Amino acid sequence: MPTMGYVKNQFREVLSALVKKCYWNQVGGMVYCFRRAQGRARQPPRRSILLLRYFVITALLTLALCPGCQSPDRRDSSRLPEPPLATRSPEVPPVRPTPPPPPADDGITGRGRAAWIPPTGIKKSMWRVIVVHHSDSEKSTPQSMNQWHLQRGWENGLGYHFVIGNGVNTGDGQVYVGPRWKRQIQGAHCKTGAGRFFGLPRPSGFFNDRGIGICLVGDFENSRPTAKQLAALTELIAFLSKECNIPATAVYGHGEVTRQTLCPGKNFRIADVRKRVTNATAGSH
Ligand SMILES: [Zn+2]
């Protein structure tokens, strides 16, 4: 599609041609007048006279359409190139990503004996052993371990059934009830194949499927569990032992079972825990 400037240029050329023609016609008229004065004119140049009238009109139009009549600003702006899209003002603030939503409720709530019995009750015949762990870090929380286990692909999240805090980022001696215990489903804390364990044949996955996992927050290779942690652990295991009829001799440290980990650390004395539980449950079975 022709631009406005192109149309104007064409119009100017047409006007210019008309002006030139009128000029030569005017010259012709002057020649006619000269010859007529000498008595040699042959015919009147009627067409030349008509075109001469147009001369004035076209001259005025040409002046009206000349570039000098236009606004300089308008003429310049019409010839300015389009601003490149790639260049933007550096003062434009960068778009900030929307903050991530707050973590969803991971189901870890409650403290104390009243919270240890799930709404649907305990599947007492399901649980046969108890396995104790440490988190390997003083700063762990049930939430951070839940995230870690989800990242490892465990769709049910936190692999332990219970977590006992150490007072750093968790309450000292506070017992956190994991979603797996609330739902009474198998843990993900002590993977084993089929074989003999403590003199008994066990199928593959027995300690995850039939074992209650309890994790104490801390690194017991380099520190010790707090007194409140040990008191809470004894109370919790005594409760579970009574509810599920699990003897103190079926309470193990993680490394005792698999022989492939230092968990729950050399400073954690699982034999002492068994003695405590035995004393706490004495006469109640
Ligand atoms: Zn462990």
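Overview of the structure.

With respect to the nonpolar core
Link 1 in the chain: With 35 residues, the main nonpolar core has Ile130, Phe162, Ile164 and Ile214 as its most contacted residues.
Link 2 in the chain: Elements supplying a minimum of two residues to this core: strand 1 (129-134), strand 2 (162-164), strand 3 (175-177), helix 6 (206-209), strand 6 (211-216), helix 7 (227-244), strand 7 (251-253) and helix 9 (270-280).
Link 3 in the chain: When residues of this core are assigned to their parent elements, the largest contribution, 5 residues, is made by helix 7.
Link 4 in the chain: Here Phe162 is in contact with Val175, Tyr176, Val177, Gly178, Trp181, Ile214 and Leu236, once residues within four sequence places are set aside.

Quick notes on the sheet that holds strand 1
Link 1 in the chain: Strand order in the open sheet made by the 5 strands is 3-2-6-1-7, with mixed pairing throughout. In this open sheet, the two edge strands, each paired with only one partner strand, are strand 3 and strand 7. With strand direction ignored, the average angle separating the axes of adjacent strands in the sheet is 25°.
Link 2 in the chain: As paired elements, strand 1 and strand 6 share 6 bridges and run parallel to each other. Pairing of His133 across the sheet is with Cys215, part of strand 6.
Link 3 in the chain: Its contacts with the sheet put helix 9 on strand 1 and strand 7, and the angle it makes with strand 7 is roughly 165°.

Some points on unusual backbone geometry
Link 1 in the chain: The step from Cys263 to Pro264 runs through a cis peptide bond, and the omega angle for that step is 5°.
Link 2 in the chain: Its location among the elements puts Pro264 in the loop between helix 8 (254-258) and helix 9.
Link 3 in the chain: At Asp136, a position not held by glycine, the phi torsion is positive, near 75°.
Link 4 in the chain: Looking at where Asp136 falls in the secondary structure, it is placed in the loop between strand 1 and helix 4 (142-151).
Link 5 in the chain: On the basis of neighbour counts, which here come to 18 C-beta atoms within 10 Å, the residue Asp136 falls in the partly exposed class.
Link 6 in the chain: Its identity as a non-glycine residue notwithstanding, Gln184 has a phi of 55°, on the positive side.

About the thresholds
- Residues numbered from 1 in each chain as written.
- Predicted model: local features only at pLDDT ≥ 70, side-chain atom pairs only at ≥ 80, totals over all residues.
- Core = buried A, V, L, I, M, F, W, Y, C linked by C-beta atoms within 7 Å.
- Buried ≥ 20, exposed ≤ 12 C-beta atoms within 10 Å, placed from the backbone.
- Helix = DSSP H or I, 4+ residues; strand = E, 2+ residues; numbered from the N terminus.
- Contact = placed C-beta atoms within 7 Å.
- Pairing = 2+ DSSP bridges.
- Axes fitted to C-alpha atoms, helices over the stretch in contact; angles between N-to-C directions.

These figures capture arrangement, not role.
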